[in-house]
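Topology and contacts: notes
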Amino acid sequence: MSIASYPFDGQAVSEAQYSYLFRELASHSGVADTAGGTGFSVSGDSAGMRVKVAPGFAIVRGHAVQSTAVETLTIAAASAAPRYDRVVLRLDPAANAITLAVVQGVPGGGVPALTQTETGIYEAPLGMVTVPIGAATVPAGAVADEREVLGNTVGGWTTSTRPKAPRVGRLGLNTATTRWEYWDGTRWKDLAPTINWSSIEGAPASFPPAAHAHPWTEITGKPALAPSSHTHDWSSITSKPGTFPPSTHSHSWSSITSKPSTFPPSSHSHGQYLESRDTIAWANGSRRPYSNSASGSDWYAVWVENGGDFCRNTSARKYKQNIQTFEIDPDTVLRMRPVIYDRKDSVDEESGETKPGRKNEVGLIADDVDELGLTWLVQYLDGEVDALRYDLLGVALLPVVQRQAAQITELSERLAVLEAERS
């Protein structure tokens, strides 16, 4: 017959059928007790190589077993290497019995595997006994609980005693974590996990998130295409003034941000630009030379260093050392070519506005001067020719003038001799 139903009055029911029935009621083998209870718990005897097993009731592969008194089992003598033994409930269908037994491990090996077949021997774990070298007793601390506990409608277990082959949706209370968990077919999952930053999937590594970008494909609620260049009419702009340009209005002192603490500002200086009298701090930036009339008795040439600092140009001997004559070739100087040129147009970095360059400027080309070898007249920026030291042109022309002065003196002397000879 391909279909069988049972148990009914006057019907023979086999052991296998009853086993199958009870395995559906108790989905796995285990002790019928609450987690942490004493049913079939194993403890060290502490008086010899023995363990004691407490009374209890259990289901082993659909078969029931009940013990009403403490049972004592003997543990084999210690080996030459540490050993692990396991206390089990052993179902033997051929003997029609479930008994307490000890599965002895291999010296120096790991925890021994249990025999768990569908139709033959099936061993349900109760406790693991650690047997050190030279052990003469089994103390309480040498026994680890391995019992799998049955529940009434749901299971209760620890992380190490969870059901070994649960069905999808198997639910139970993990007493080690005090969390309800269920089997999703692959792993045990927390039924009601605590949500924190580390458990959020896809969370950034830091919060607030560090500066980052999102590709167009990840942005939700976006238009079908990236917006092309476009404008917004005045009516669609929010938080705008009632008129544009805004009508005449004022701002209270309290509404102005980044203002000085007093107004007018208290007496102060601009030390970050002009730090001392040596750097003409009293010149008050560039405003004073612009508006001041040339009535002072002392005037100084002002330089601006590449770091932005002002300094006073000095030429006295007391500021110098290693003074030597600098030979300048007058003929090289005379090869410099004055030119007239137009400046290229420039683009303002802030506004983007193109500004036309100046027209008909007169000067020299720094590249030409550099090619003549007069590099001390050339200024370089980032290793490239950039500008000229026009203030040094007078020094460059000095040997030309000196040579011409010598030539004029020589010619004057020769002319005086000729005139004397004629007379």
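Attention here is on the structure that accompanies the text. (Residues numbered from 1 in each chain as written. Predicted model: local features only at pLDDT ≥ 70, side-chain atom pairs only at ≥ 80, totals over all residues. Heavy atoms only, no water.)

Side note on the pairing of strand 7 (residues 83–92)
Taken across its ten residues, strand 7 has seven buried, putting it largely inside the fold. Judged from the seven bridges that link them, strand 7 and strand 8 (residues 97–103) form a sheet pairing that is antiparallel. Paired with Val88 across the bridge in strand 8 is Ala101. In textbook terms, the turn of a hairpin is the stretch between consecutive antiparallel strands, and for strand 7 and strand 8 this stretch comprises four residues, one of which, Asn96, has a positive phi near 55°. (Buried < 20%, exposed > 50% of the residue type's maximum accessible area, 1.4 Å probe, protein only. Helix = DSSP H or I, 4+ residues; strand = E, 2+ residues; numbered from the N terminus. Pairing = 2+ DSSP bridges.)

A look at empty space enclosed by the protein
Going through the model one piece at a time under the given rule, you end up with one cavity of 30 Å³ or more. Its boundaries defined by the atoms lining it, the largest cavity holds a volume of some 50 Å³. Lining the largest cavity are Ser29, Gly30, Val31, Ala58, Ile59, Val60, Leu89, Ala124, Pro125, Leu126, Arg147 and Glu148. Residue assignment for the lining of the largest cavity shows that the elements contributing at least two residues are strand 1 (30–32), strand 4 (56–60) and strand 9 (122–131). For the lining of the largest cavity, the per-class residue count stands at eight nonpolar, two polar and two charged. (1 Å grid on protein atoms, 1.4 Å probe; cavity = no way out; pocket = protein on both sides within 12 Å on 5 of 7 lines; lining within 4 Å. Points joined across faces, edges and corners; volume = space filled by probe spheres on them. Nonpolar A, V, L, I, M, F, W, Y, C, P; charged D, E, K, R; others polar.)

Focus on the sheet that holds strand 2 (residues 42–44)
One open sheet accounts for three strands, arranged 2-3-6; its pairing is antiparallel. Looking at the sheet topology across the chains shown, the edges are occupied by strand 2 and strand 6 (71–74). For this sheet the average axis-to-axis angle between neighbouring strands, irrespective of direction, equals 30°. With four bridges joining them, strand 3 (residues 50–53) and strand 6 adopt antiparallel strand pairing. Residue pairing for strand 6: Lys52 is matched across the bridge by Thr72. (Axes fitted to C-alpha atoms, helices over the stretch in contact; angles between N-to-C directions.)

So, the nonpolar core
Within the largest apolar cluster, 23 residues are counted, with the highest numbers of intra-cluster contacts made by Val51 and Leu89. Put simply, the parts of the chain that give this core at least two residues each are strand 3, strand 4, strand 7 and strand 9. The greatest single-element share of this core, amounting to five residues, is contributed by strand 9. Aside from chain neighbours lying at most four places away, what touches Leu89 is Phe40, Ala58, Val60, Val65, Ile98, Thr99, Leu100, Tyr122, Glu123, Ala124 and Leu126. If you look at the next biggest cluster of nonpolar residues, it comprises 14 residues, including Val333, Leu377, Val378 and Leu392. (Core = buried A, V, L, I, M, F, W, Y, C linked by side-chain atoms within 4.5 Å. Contact = heavy atoms within 4.5 Å.)

Comments concerning the pairing of strand 9
Two faces belong to every sheet, and in a regular strand the side chains alternate between them. Counting buried residues in strand 9 gives nine out of ten residues, a clear majority hidden from the surface. With nine bridges joining them, strand 7 and strand 9 adopt antiparallel strand pairing. What sits directly across from Leu89, in strand 9, is Ala124. As paired elements, strand 9 and strand 10 (residues 143–145) share three bridges and run antiparallel to each other. Each residue of the ladder has a partner; that of Met128, found in strand 10, is Ala144.

Remarks on the pattern of salt bridges
Under the definition given, this model contains 13 salt bridges. Measuring nitrogen to oxygen at the nearest pair gives 3.7 Å for the salt bridge that ties Lys52 to Asp45. In this structure, Asp190 engages Arg179 in a salt bridge whose closest nitrogen and oxygen atoms are separated by 3.1 Å. Residue Asp190 is located in strand 15 (residues 188–190), and its partner Arg179 is located in strand 14 (residues 179–183); the two are separated by eleven residues in the primary sequence. Each of Asp45, Arg50 and Lys52 takes part in salt bridges that share partners, so that together they form one network. (Salt bridge = Lys/Arg side-chain N within 4 Å of Asp/Glu carboxyl O.)

None of this, on its own, says anything about what the molecule does.
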